[in-house]
Amino acid sequence: MTGIIDGVSFQRMIVHAAAAINAQKQQINELNVFPVPDGDTGTNMSLTIGTAAGELKKKAPETVGKAASINASALLRGARGNSGVILSLLFRGVARALKDRATITGVELAAALNEGVSAAYGAVMKPAEGTILTVSRLSAVRASAAAEENADPIYVLEETIKEGQVALADTVNQNPVLKKAGVVDAGGKGYLIILQGMVDALKGLPMPEAEEASAPVQDKADFAHLSDEEITFTFDTVFIVRKTSDRPLAQFRDYLNSIGDSLVIGEDDEAFKVHVHTDIPGEALTEAQKYGTLELAKIENMRTQYEDMAAGRTPQSTDGLDRVEQELEASAAKHEEEERWIAAPEKKFGYVSVCAGEGLANLFRDLGADGIISGGQTMNPSTADILREIDHTPAEIVYVLPNNKNIIMAAEQCVKLSKEKKVIVLPTATVPQGVTAMLDADPDAGEEANTGAMRAAIERVRTAQITYAARDSDFDGFDIHEGDYLALQDNKLFGTNQDLTGLLDELARGEAQQNAEFITLFYGEDVTEEQAQQAQALFAAACPNAEISLIAGGQPVYYYLISAE
């Protein structure tokens, strides 16, 4: 008998798929095609579909069309990174194909998968082969043929995955970067894990026992399903703050997201309540007091709790805020709707910038940015995060500066999602490009002139970045060892060195810096002021014709971001 997928079945498929990729996200992250520690494809895809799973859990969709629509809408708003955006596009096409369908067989499912591929290819300006796009396209072709052989959805999905595995294995030959690194495409692998989760749900198999990234606050019993390695942050932190001002919590939310996960904030007129997993609960509480008076707090060590449970002991716990955690769960969905407010226009142009580091955030504010979103390499904000900051910007036209090539696609989704404001996404791939674009913004110019000036500014900036290698690798002729310092010039590997000063000297003598009139060094959180001043002196000696500036950026990951104009 041919299987049927209804609304409840589709709901279970997505929830199961989210659990599956969450359980394997680190494996996907480790498919790094470059030794920079930016392997976050698994995390981005997990967070993206986790948002959809969380939304579907709140609903009871009667039809497969309704379930697919809820899924697509949540995916779009929760999309993080390029991989998350493409995943949302694939399922947007699926939803379009399943509209008004009460139930489907494998025939309609195959057609929907192909519609998803069309939607994704149509939205990506320069589709690259050897990626998730390739895997989804070739596997969808097989899905159509399989549906003609057997219309059971399980058979169709299993054949789709088989063909997808063949396509995935070939990505290493299609993309020279993958071939050099000797790995398959991370996004393609993540997509197949999601499909496998969907078919496992149809088979009635149990979900992987792993904590979902987007799940609400966990009951204590869930610790039995964790291993110590799966606890990303140590302290389960819950607290209440009595408000002393009307200051919006958007910036505080961004800060908490940057230092932890499993964040839920419940808010009413008088107080707000926070749940977050973090390694630095004291700093979270200190930051909270900028918004009001701390009234009550609970901090529990999840690692010691796990050890107690694993040994059969009753874990140590505080019970004072159990009621608060229950309230947070109950209020999370309601607050998510209430939180969205639209700032009335007070000016023509507004600016939203993505960056990481207090110094960079302050710099963008000084240059006129209305909103700052905490994010960047390894911590990509979602489309919903960006849209929220756009909403809060009191302007008719809002420019978004992603300042990272992996955030541009998520930002671009806001163009259609924002109904009240016109959104213009400037393709800033680095922080220095964003800074220069802001310097050239003209509040008195017309829209076309202002946009043109900022885009022209982006083009004249050359960006260098100093970071470190996450693993041993042979890339582009460089023999790289874990812990080596790496220099990137315009997102391409410039050189490596075990001595940071030596690498800075090599970079200072590079073509981009030698031809520059202005050079700015933004130094990161792991660099002292004295070390930064030594680097400035080094560049001044190597680049006598350039004006050298030094700014404390405070950014993570990168020791230095270097702008050359």
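See the structure printed just above.
Fair warning: this is a prediction, and the values are worked out from it, not measured in the lab.

Enquirer: Summarise the overall build of the protein; cite the residues concerned and give the values.
Expert: When you go through the protein residue by residue, the secondary structure sums to 22 helices and 16 strands. Each of the 565 residues in the protein was classed as buried or not, and the buried ones make up 53%. If you take every contact in the protein between residues at least 6 apart in sequence, the share linking residues at least 24 apart comes to 72%.

Enquirer: Describe helix α9 (residues 186-203), and please don't skip the residues or the numbers.
Expert: For α9, which comprises 18 residues, the first-to-last C-alpha distance of 26 Å matches the rise-based estimate of 26 Å (1.5 Å per residue) to within 8%. With 14 of 18 residues buried, α9 lies mostly within the body of the structure. Where α9 begins, the side chain of Asp185 points an oxygen toward the backbone nitrogen of Gly187, at a separation of 3.3 Å. Just downstream of α9, Gly204 is the residue with a positive phi angle, here 80°.

Enquirer: Any chance you could break down the sheet that holds strand β6 (residues 371-374) for me, citing the residues and the numbers?
Expert: Judged by pairing direction, the sheet is parallel, and its 4 strands sit side by side in the order β6-β5-β7-β8 without closing on themselves. Strands at the two margins of the open sheet, each flanked by one partner only, are β6 and β8 (422-425). Looking at each pair of strands side by side, their axes are set apart by 20° on average, direction ignored. Direction of pairing for strand β7 (residues 395-401) relative to β8: parallel, over a ladder of 4 bridges. Considered in β8, the bridge of Tyr399 is made with Ile424. Helix-sheet contacts for helix α15 (residues 383-391) involve β5 (347-355), β6, β7 and β8, and the interaxial angle to β6 is about 165°.

Enquirer: Requested: an account of the packing of aromatic side chains, with residues and values cited.
Expert: Applying the stated criterion across every chain yields a total of 5 aromatic pairs. Centre to centre, the rings of Phe349 and Tyr399 are 5.6 Å apart; their planes meet at 65°, and the pair counts as edge-to-face. With Phe349 in strand β5 and Tyr399 in strand β7, this residue pair connects regions lying 50 residues apart in the sequence. The rings of Phe349, Tyr351 and Tyr399 are connected pair by pair, giving a single aromatic cluster.

Enquirer: Quick one: what's the story with the packing of helix α7 (residues 153-174) against α9, residue by residue and with numbers?
Expert: Contact pair α7 / α9: the axes reach a minimum separation of 10 Å and the direction vectors enclose 160°. On the basis of the axis angle, α7 is roughly antiparallel to α9. Seen from above, α7 lies across α9 with left-handed handedness. Between α7 and α9, the residues in contact are Pro153, Ile154, Leu157, Glu158, Thr160, Ile161, Gly164, Gln165 and Leu168 and Gly188, Lys189, Leu192, Leu195, Gln196, Met198, Val199, Leu202 and Lys203, respectively. Residue composition of the contact of α7 with α9, by class: 10 nonpolar, 5 polar and 3 charged.

Enquirer: Tell me about the environment of Cys355, residues and numbers included.
Expert: Along the chain, the position of Cys355 falls in strand β5. For Cys355 and Val431, which are 76 residues apart along the polypeptide, the C-alpha to C-alpha distance reads 7.0 Å. Not counting chain neighbours up to four residues away, the residues in contact with Cys355 comprise Leu360, Ala361, Phe364, Ile372, Ile373, Ser374 and Gly375.

Enquirer: Report on a negative patch on the surface, specifying residues and quantitative values.
Expert: Residues Asp472, Asp474, Asp479 and Glu482 make up a contiguous surface patch of negative charge. For Asp479, the position within the fold is in strand β11 (residues 478-480).

Enquirer: Tell me what's going on with the pairing of strand β15 (residues 547-552), and back it up with residues and numbers.
Expert: Examined bridge by bridge, strand β14 (residues 518-523) and β15 share 6 bridges and lie parallel to one another. Pairing of Phe518 across the sheet is with Glu547, part of β15.

Enquirer: An account of the pattern of salt bridges is requested, with residue identities and associated values reported.
Expert: Using the criterion set out here, one finds 18 salt bridges in the structure. Note that Asp385 is salt-bridged to Arg388, the shortest N-O span being 2.9 Å. With Asp385 and Arg388 both in helix α15 and 3 residues apart, this pair spans about one turn of that helix. Like Asp385, the residue Arg388 is buried in the burial classification. One salt bridge connects Arg460 with Asp440, and the closest N-O pair in it is separated by 3.0 Å. With Arg460 in the loop between α19 (447-459) and β9 (462-468) and Asp440 in the loop between α18 (431-439) and α19, this residue pair connects regions lying 20 residues apart in the sequence. Connected through salt bridges with shared partners, the residues Arg142, Glu149, Glu159 and Lys162 form a single ionic network.

The rules behind the values
- Residues numbered from 1 in each chain as written.
- Predicted model: local features only at pLDDT ≥ 70, side-chain atom pairs only at ≥ 80, totals over all residues.
- Heavy atoms only, no water.
- Helix = DSSP H or I, 4+ residues; strand = E, 2+ residues; numbered from the N terminus.
- Buried < 20%, exposed > 50% of the residue type's maximum accessible area, 1.4 Å probe, protein only.
- Contact = heavy atoms within 4.5 Å.
- Expected span 1.5 Å × (residues − 1).
- Polar contact = N/O pair within 3.5 Å; in protein donor to acceptor, adjacent residues only side chain to side chain.
- Pairing = 2+ DSSP bridges.
- Axes fitted to C-alpha atoms, helices over the stretch in contact; angles between N-to-C directions.
- Phe/Tyr/Trp six-rings, centres within 6.5 Å; stacked < 30°, edge-to-face > 60°.
- Parallel < 35°, antiparallel > 145°, perpendicular 65-115°, else oblique.
- Left-handed = near helix turned anticlockwise from the far one by under 90°.
- Nonpolar A, V, L, I, M, F, W, Y, C, P; charged D, E, K, R; others polar.
- Patch = residues over 30% accessible without salt bridge, like charges linked within 9 Å, V, L, I, M, F, W, Y side chains within 5 Å.
- Areas by Shrake-Rupley, 256 points an atom, 1.4 Å probe, with all protein chains shown as cover.
- Salt bridge = Lys/Arg side-chain N within 4 Å of Asp/Glu carboxyl O.
- Lys, Arg positive; Asp, Glu negative; His and termini not counted.
- Charge placed at Lys NZ, Arg CZ, Asp CG, Glu CD.

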